[in-house]
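A structural walkthrough
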Amino acid sequence: AGARYDFFSAASLHHLSPRISLMYRLNHVNLRAGYADGFRAPSLKEMYMDFDMPAFWIYGNPDLLPEKNHNFQLSAEYYNDRLTLMLLGYHNIVSNRISTAWYSALGGHRYLNMESMTISGVECSGTLHTDIGISATAAYAYTHESVRKGLPINVSCRPHSATLHIDYVKTLRSWKIVVGFGGRLFSSMDSEEYVAIGELENTTLNHYPGYALFKANMMISHERGVTLNLTVDNLFNYIPDYYYIKSPITTGRTFSVSLTVDVEKLF
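Every residue gets a number counted from 1 within its own chain, in the order that chain's sequence is written. In keeping with the model being predicted, local features are shown solely for residues with a pLDDT of at least 70 and side-chain atom pairs are shown and tallied solely at 80 or more, while totals for entire chains, interfaces and linings include all residues. Side-chain metrics in this entry use all non-hydrogen atoms of the structure; hydrogen atoms and water are not considered.

Here's the deal with the overall build of the protein
Helix and strand assignments follow DSSP, with helices taken as H or I runs no shorter than four residues and strands as E runs no shorter than two, numbered in order from the N terminus. Along the backbone of the protein there are two helices and 18 strands. Computation of the radius of gyration draws on C-alpha atoms alone. For the globule rule, the value is 2.2 Å times the number of residues to the power 0.38. Taking 267 residues into account, the globule formula puts the C-alpha radius of gyration at 18 Å, and the protein, at 24 Å, lies well above it. Taken along its principal axes, the extent of the C-alpha atoms in the protein is 70 × 50 × 40 Å. At a minimum sequence separation of 6, the contacts of the protein that also span at least 24 residues come to 53%. Both charge centroids of the protein, one from 22 positive and one from 24 negative side chains, sit 8 Å from each other. Working rule for contacts: check all heavy atoms of both residues, and any pair within 4.5 Å makes them a contact. In this tally, Asp and Glu contribute negative charge and Lys and Arg positive charge; neither His nor the terminal groups of the chain are included. The atoms used to mark charge sites are NZ of Lys, CZ of Arg, CG of Asp and CD of Glu.

Description of the pairing of strand β3 (residues 29–40)
Think of it this way: DSSP has to see at least two bridges between two strands before they count as a pair. Inspection of the sheet shows strand β2 (residues 13–26) paired to β3 by eight bridges, in the antiparallel sense. Each bridged residue has a counterpart across the sheet, and for Tyr 24 the counterpart in β3 is Leu 31. Connecting the antiparallel pair β2 and β3 is a turn made up of two residues, with Asn 27 showing a positive phi of about 55 degrees. Across 12 bridges, β3 lies against strand β6 (residues 67–79) in antiparallel orientation. By the bridge assignment for β6, Gly 34 is matched with Gln 73.

Side note on the nonpolar core
If you look at the biggest cluster of nonpolar residues, it comprises eight residues: Phe 8, Phe 39, Met 47, Phe 51, Ile 58, Leu 64, Ile 98 and Tyr 111. Not counting residues up to four positions away in its chain, the partners in contact with Tyr 111 are Lys 45, Glu 46, Phe 51, Ile 58, Tyr 59, Gly 60, Asn 61, Leu 64, Ile 98, Ser 99 and Thr 100. Residues grouped as a nonpolar core are buried Ala, Val, Leu, Ile, Met, Phe, Trp, Tyr and Cys residues, joined through side-chain atoms within 4.5 Å. Whether a residue is buried, partly exposed or exposed follows from its accessible area with a 1.4 Å probe, protein chains only, as a fraction of its type maximum: under 20%, in between, or over 50%, in that order. Of all hydrophobic cores here, the second largest spans six residues; its members include Val 94, Met 114, Met 117 and Val 147.

Things to note about the sheet that holds β2
Within the open sheet, the 12 strands sit side by side as β1-β2-β3-β6-β7-β10-β11-β12-β13-β16-β17-β18. Their pairing is antiparallel. With partners counted over all chains shown, the strands left at the sheet margins are β1 (2–8) and β18 (254–261), one partner each. Geometrically, the sheet is characterised by an average inter-axis angle of 10 degrees between neighbouring strands, direction not taken into account. When strand β17 (residues 226–233) meets β18, the two strands line up antiparallel, connected through eight bridges. Among the inter-strand pairings, Asp 233 is bridged to a residue of β18, identified as Thr 254. Lines fitted to the C-alpha atoms define the axes, with helices restricted to the stretch that makes contact. Angles between their N-to-C directions range from 0 to 180 degrees.

Observations concerning the environment of Asn 69
Secondary-structure assignment places Asn 69 in strand β6. Residue class for Asn 69 comes out partly exposed when judged on its relative accessible area of 22%. Sequence separation between Asn 69 and Gly 38 is 31 residues; the distance between their C-alpha atoms is 4.8 Å. Dropping the residues within four chain positions of it, Asn 69 is found in contact with Ala 36, Asp 37, Gly 38, Asn 92, Ile 93 and Val 94.

Some points on the side chain of Asn 30
Here Asn 30 lies in strand β3. On the accessibility criterion, Asn 30 (4% relative accessible area) is buried. Not counting residues up to four positions away in its chain, the partners in contact with Asn 30 are Met 23, Tyr 24, Arg 25, Ser 75, Ala 76, Glu 77 and Tyr 79.

A look at unusual backbone geometry
With phi around 55 degrees, Asn 234 is a residue other than glycine that occupies positive phi space. As for its placement among the helices and strands, Asn 234 is situated in the loop between β17 and β18. Accessibility expressed as a relative area gives 4% for Asn 234, which makes it buried. Its identity as a non-glycine residue notwithstanding, Asn 237 has a phi of 60 degrees, on the positive side.

Here's the deal with the side chain of Asn 92
Relative to the helices and strands, Asn 92 resides in strand β7 (residues 83–95). At 2.6 Å, the side chain of Asn 92 and the side chain of Asn 71 are in polar contact. Asn 92 has contacts with Asn 69, His 70, Asn 71, Met 117, Thr 118 and Ile 119, leaving out every residue within four places of it along the chain. Definition of a polar contact: a pair of N or O atoms within 3.5 Å, with one able to donate and the other able to accept a hydrogen when the atoms are protein atoms, and with sequence-neighbouring residues admitted only if both atoms are side-chain atoms.

What about the sheet that holds strand β9 (residues 108–113)?
Reading across from one edge, β4-β5-β9-β8 is the order of the four strands in this open sheet, with mixed pairing throughout. Two strands in the sheet have a free side with no partner beyond their single neighbour: β4 (51–52) and β8 (98–103).

Description of the pattern of salt bridges
A pairing counts as a salt bridge when a side-chain nitrogen of Lys or Arg comes within 4 Å of a carboxyl oxygen of Asp or Glu. All chains considered together, the criterion is met by six salt bridges. Taking the shortest distance from any N to any O, the salt bridge between Glu 46 and Arg 40 comes out at 3.2 Å. As a salt-bridge pair, Glu 145 and Arg 97 come within 3.5 Å of each other at their nearest N and O atoms. Remark: Arg 97 occurs in the loop between β7 and β8 and Glu 145 occurs in strand β11 (residues 134–147); sequence separation between them is 48 residues. Taking relative accessible area as the criterion, Arg 97 reaches 21% and is therefore assigned partly exposed. Among the charged side chains, a network of salt bridges with common partners joins Arg 40, Glu 46 and Glu 67.

Function cannot be read off these values alone, since they describe shape.
Structure below.
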(Lines give C-alpha, C1' and ligand atoms only; values in the text may rest on other atoms or scores of the structure.)
Protein backbone atom coordinates (compact mmCIF):
# COMPACT_ATOMS: atom_id res chain seq x y z
CA ALA A 1 0.00 0.00 0.00
CA GLY A 2 1.15 3.56 -0.62
CA ALA A 3 0.09 7.09 -1.42
CA ARG A 4 1.36 10.12 -3.30
CA TYR A 5 0.59 13.75 -2.56
CA ASP A 6 0.53 16.46 -5.25
CA PHE A 7 0.11 20.20 -4.95
CA PHE A 8 -0.70 21.92 -8.26
CA SER A 9 0.23 25.54 -7.62
CA ALA A 10 -1.28 27.00 -10.81
CA ALA A 11 -4.75 26.02 -9.57
CA SER A 12 -4.03 25.81 -5.81
CA LEU A 13 -5.15 22.20 -6.01
CA HIS A 14 -4.21 19.45 -3.53
CA HIS A 15 -4.55 15.79 -4.45
CA LEU A 16 -3.79 12.57 -2.55
CA SER A 17 -3.39 9.45 -4.74
CA PRO A 18 -3.68 6.14 -2.82
CA ARG A 19 -2.75 2.77 -4.25
CA ILE A 20 -2.85 -0.81 -3.03
CA SER A 21 -1.81 -4.14 -4.54
CA LEU A 22 -2.25 -7.72 -3.39
CA MET A 23 -0.49 -10.91 -4.50
CA TYR A 24 -1.21 -14.54 -3.68
CA ARG A 25 1.40 -17.11 -4.69
CA LEU A 26 0.66 -20.82 -5.02
CA ASN A 27 3.38 -23.10 -6.42
CA HIS A 28 3.94 -21.79 -9.98
CA VAL A 29 0.97 -19.42 -10.03
CA ASN A 30 0.83 -15.75 -9.04
CA LEU A 31 -2.53 -14.02 -8.59
CA ARG A 32 -2.56 -10.23 -8.34
CA ALA A 33 -5.14 -7.50 -7.76
CA GLY A 34 -4.59 -3.78 -7.53
CA TYR A 35 -6.11 -0.32 -7.41
CA ALA A 36 -4.36 2.98 -8.09
CA ASP A 37 -5.59 6.55 -8.13
CA GLY A 38 -3.86 8.66 -10.80
CA PHE A 39 -3.19 12.38 -11.07
CA ARG A 40 -1.24 14.39 -13.66
CA ALA A 41 -0.97 18.15 -13.67
CA PRO A 42 -0.74 19.78 -17.13
CA SER A 43 2.79 20.62 -18.22
CA LEU A 44 4.11 24.12 -18.85
CA LYS A 45 4.09 23.31 -22.58
CA GLU A 46 0.42 22.33 -22.52
CA MET A 47 -0.57 25.43 -20.58
CA TYR A 48 1.56 28.26 -21.92
CA MET A 49 3.57 27.36 -25.02
CA ASP A 50 2.57 28.09 -28.61
CA PHE A 51 4.68 26.29 -31.20
CA ASP A 52 4.71 25.95 -34.95
CA MET A 53 4.24 22.49 -36.45
CA PRO A 54 4.96 21.85 -40.15
CA ALA A 55 1.27 22.16 -41.12
CA PHE A 56 -0.38 24.05 -38.24
CA TRP A 57 0.15 25.77 -34.87
CA ILE A 58 -0.52 24.21 -31.45
CA TYR A 59 -1.58 26.62 -28.72
CA GLY A 60 -1.34 26.25 -24.96
CA ASN A 61 -4.34 26.59 -22.68
CA PRO A 62 -3.77 28.19 -19.23
CA ASP A 63 -7.20 26.98 -18.07
CA LEU A 64 -6.33 23.27 -18.30
CA LEU A 65 -7.33 21.07 -15.37
CA PRO A 66 -5.26 18.11 -14.12
CA GLU A 67 -5.95 14.62 -15.43
CA LYS A 68 -7.38 12.14 -12.91
CA ASN A 69 -8.09 8.44 -13.16
CA HIS A 70 -8.99 5.32 -11.21
CA ASN A 71 -7.23 2.13 -12.30
CA PHE A 72 -8.33 -1.41 -11.39
CA GLN A 73 -6.32 -4.52 -12.34
CA LEU A 74 -6.56 -8.30 -12.01
CA SER A 75 -3.93 -10.70 -13.30
CA ALA A 76 -2.86 -14.32 -13.20
CA GLU A 77 0.59 -15.66 -14.09
CA TYR A 78 1.93 -19.18 -14.52
CA TYR A 79 5.64 -19.89 -14.83
CA ASN A 80 8.19 -22.68 -14.85
CA ASP A 81 11.75 -23.07 -16.14
CA ARG A 82 10.72 -22.84 -19.81
CA LEU A 83 7.27 -21.31 -20.02
CA THR A 84 5.63 -18.15 -18.73
CA LEU A 85 1.94 -17.36 -19.31
CA MET A 86 0.15 -14.20 -18.21
CA LEU A 87 -3.46 -12.97 -18.34
CA LEU A 88 -4.33 -9.40 -17.32
CA GLY A 89 -7.56 -7.42 -17.18
CA TYR A 90 -7.90 -3.73 -16.36
CA HIS A 91 -10.42 -0.90 -16.20
CA ASN A 92 -9.59 2.82 -16.13
CA ILE A 93 -12.00 5.65 -15.36
CA VAL A 94 -10.43 8.86 -16.68
CA SER A 95 -11.58 12.45 -16.21
CA ASN A 96 -10.18 15.67 -17.70
CA ARG A 97 -7.88 13.82 -20.06
CA ILE A 98 -5.62 16.34 -21.83
CA SER A 99 -5.83 16.20 -25.62
CA THR A 100 -5.83 18.57 -28.58
CA ALA A 101 -8.54 19.67 -30.98
CA TRP A 102 -8.91 22.21 -33.76
CA TYR A 103 -9.76 25.67 -32.42
CA SER A 104 -11.23 27.83 -35.16
CA ALA A 105 -10.75 31.16 -33.33
CA LEU A 106 -6.97 30.66 -33.40
CA GLY A 107 -6.76 28.73 -36.66
CA GLY A 108 -4.84 25.87 -35.11
CA HIS A 109 -4.92 23.06 -32.54
CA ARG A 110 -5.30 23.85 -28.86
CA TYR A 111 -4.88 21.75 -25.73
CA LEU A 112 -8.13 21.01 -23.91
CA ASN A 113 -9.69 18.72 -21.30
CA MET A 114 -11.95 15.89 -22.40
CA GLU A 115 -14.86 14.78 -20.27
CA SER A 116 -15.09 11.41 -18.53
CA MET A 117 -14.05 8.35 -20.50
CA THR A 118 -13.26 4.71 -19.75
CA ILE A 119 -10.46 2.52 -21.07
CA SER A 120 -10.77 -1.22 -20.49
CA GLY A 121 -8.82 -4.13 -21.83
CA VAL A 122 -7.52 -7.67 -21.65
CA GLU A 123 -3.95 -8.73 -22.36
CA CYS A 124 -2.43 -12.19 -22.59
CA SER A 125 1.14 -13.18 -23.33
CA GLY A 126 3.44 -16.19 -23.33
CA THR A 127 7.18 -16.79 -23.46
CA LEU A 128 8.85 -20.12 -24.28
CA HIS A 129 12.52 -21.14 -24.05
CA THR A 130 13.86 -24.41 -25.46
CA ASP A 131 17.08 -26.41 -25.17
CA ILE A 132 17.77 -26.17 -28.92
CA GLY A 133 18.32 -22.42 -28.91
CA ILE A 134 14.83 -21.30 -29.92
CA SER A 135 12.87 -18.81 -27.83
CA ALA A 136 9.51 -17.28 -28.67
CA THR A 137 7.26 -14.57 -27.28
CA ALA A 138 3.69 -13.82 -28.31
CA ALA A 139 1.16 -11.36 -26.93
CA TYR A 140 -2.37 -10.19 -27.69
CA ALA A 141 -4.26 -7.16 -26.37
CA TYR A 142 -7.86 -6.03 -26.66
CA THR A 143 -8.52 -2.39 -25.77
CA HIS A 144 -11.85 -0.58 -25.58
CA GLU A 145 -12.19 3.20 -25.21
CA SER A 146 -15.55 4.75 -24.47
CA VAL A 147 -16.25 8.49 -24.70
CA ARG A 148 -19.62 10.15 -24.45
CA LYS A 149 -20.90 11.48 -27.77
CA GLY A 150 -20.94 15.21 -28.29
CA LEU A 151 -17.58 15.73 -26.61
CA PRO A 152 -14.13 16.23 -28.13
CA ILE A 153 -13.15 12.73 -29.21
CA ASN A 154 -9.77 11.42 -30.15
CA VAL A 155 -9.83 7.64 -29.80
CA SER A 156 -6.19 6.63 -29.76
CA CYS A 157 -6.17 2.82 -29.42
CA ARG A 158 -6.76 0.20 -32.06
CA PRO A 159 -9.03 -2.42 -30.43
CA HIS A 160 -6.91 -5.46 -31.34
CA SER A 161 -3.14 -5.74 -31.42
CA ALA A 162 -0.63 -8.57 -31.27
CA THR A 163 3.13 -9.03 -31.20
CA LEU A 164 5.28 -12.01 -32.09
CA HIS A 165 9.03 -12.56 -31.78
CA ILE A 166 11.15 -15.66 -32.40
CA ASP A 167 14.91 -15.99 -31.87
CA TYR A 168 17.31 -18.79 -32.74
CA VAL A 169 20.79 -18.80 -31.21
CA LYS A 170 23.57 -21.14 -32.39
CA THR A 171 27.19 -21.28 -31.26
CA LEU A 172 29.80 -22.85 -33.56
CA ARG A 173 33.19 -22.87 -31.89
CA SER A 174 34.28 -19.22 -31.80
CA TRP A 175 31.26 -18.00 -33.79
CA LYS A 176 27.80 -17.05 -32.54
CA ILE A 177 24.80 -16.78 -34.86
CA VAL A 178 21.50 -15.16 -33.85
CA VAL A 179 18.51 -15.14 -36.22
CA GLY A 180 15.43 -13.18 -35.25
CA PHE A 181 11.97 -12.67 -36.69
CA GLY A 182 9.20 -10.57 -35.21
CA GLY A 183 6.38 -8.21 -35.87
CA ARG A 184 3.35 -6.27 -34.72
CA LEU A 185 -0.21 -6.61 -35.99
CA PHE A 186 -2.93 -3.98 -35.54
CA SER A 187 -6.64 -4.10 -36.37
CA SER A 188 -8.49 -1.37 -38.22
CA MET A 189 -10.16 1.45 -36.33
CA ASP A 190 -12.59 4.32 -36.83
CA SER A 191 -11.70 7.53 -35.01
CA GLU A 192 -14.18 10.38 -34.70
CA GLU A 193 -12.05 13.50 -34.46
CA TYR A 194 -13.01 17.10 -33.95
CA VAL A 195 -12.00 19.55 -36.67
CA ALA A 196 -13.57 22.68 -35.15
CA ILE A 197 -14.75 24.05 -31.81
CA GLY A 198 -17.23 26.83 -31.14
CA GLU A 199 -20.08 27.90 -33.35
CA LEU A 200 -18.64 25.88 -36.25
CA GLU A 201 -18.11 22.75 -34.14
CA ASN A 202 -17.94 19.63 -36.26
CA THR A 203 -16.45 16.14 -36.32
CA THR A 204 -15.09 13.88 -38.99
CA LEU A 205 -14.94 10.09 -38.95
CA ASN A 206 -11.58 8.78 -40.13
CA HIS A 207 -10.94 5.13 -40.98
CA TYR A 208 -7.52 3.57 -40.41
CA PRO A 209 -7.00 0.14 -42.03
CA GLY A 210 -5.38 -2.70 -40.14
CA TYR A 211 -1.74 -3.44 -40.87
CA ALA A 212 1.23 -5.59 -39.88
CA LEU A 213 4.91 -4.70 -39.74
CA PHE A 214 7.56 -7.44 -39.51
CA LYS A 215 11.32 -7.41 -39.17
CA ALA A 216 13.97 -10.06 -39.76
CA ASN A 217 17.55 -9.81 -38.62
CA MET A 218 20.71 -11.90 -38.42
CA MET A 219 23.78 -11.30 -36.27
CA ILE A 220 27.04 -13.15 -36.83
CA SER A 221 29.75 -12.47 -34.27
CA HIS A 222 33.24 -13.81 -33.58
CA GLU A 223 34.78 -13.98 -30.15
CA ARG A 224 37.62 -11.73 -31.39
CA GLY A 225 35.20 -8.79 -31.50
CA VAL A 226 33.89 -8.77 -35.08
CA THR A 227 30.11 -8.52 -35.48
CA LEU A 228 28.04 -8.41 -38.67
CA ASN A 229 24.37 -7.36 -38.53
CA LEU A 230 21.87 -7.79 -41.38
CA THR A 231 18.35 -6.38 -40.99
CA VAL A 232 15.25 -6.20 -43.17
CA ASP A 233 12.62 -3.86 -41.72
CA ASN A 234 9.00 -3.90 -42.91
CA LEU A 235 9.72 -7.32 -44.35
CA PHE A 236 6.50 -7.64 -46.36
CA ASN A 237 6.73 -4.09 -47.77
CA TYR A 238 3.55 -2.62 -46.25
CA ILE A 239 2.80 0.92 -47.49
CA PRO A 240 -0.28 2.81 -46.20
CA ASP A 241 -2.81 3.96 -48.79
CA TYR A 242 -2.70 7.39 -47.12
CA TYR A 243 -0.85 9.00 -44.24
CA TYR A 244 -2.70 10.62 -41.37
CA ILE A 245 -2.51 10.98 -37.58
CA LYS A 246 -2.65 7.26 -36.74
CA SER A 247 -1.08 5.80 -39.87
CA PRO A 248 2.30 4.04 -39.56
CA ILE A 249 5.16 6.19 -40.78
CA THR A 250 6.81 3.91 -43.31
CA THR A 251 7.52 4.12 -47.02
CA GLY A 252 8.16 0.41 -47.50
CA ARG A 253 10.84 -2.22 -46.98
CA THR A 254 14.29 -1.13 -45.84
CA PHE A 255 17.59 -2.99 -45.62
CA SER A 256 20.54 -2.27 -43.36
CA VAL A 257 23.99 -3.80 -42.91
CA SER A 258 26.46 -2.94 -40.17
CA LEU A 259 29.91 -4.21 -39.25
CA THR A 260 31.47 -3.46 -35.87
CA VAL A 261 34.97 -4.29 -34.72
CA ASP A 262 36.16 -4.27 -31.13
CA VAL A 263 39.81 -3.35 -31.62
CA GLU A 264 40.80 -4.40 -28.09
CA LYS A 265 39.47 -7.94 -28.63
CA LEU A 266 40.77 -8.16 -32.19
CA PHE A 267 44.38 -7.55 -31.22
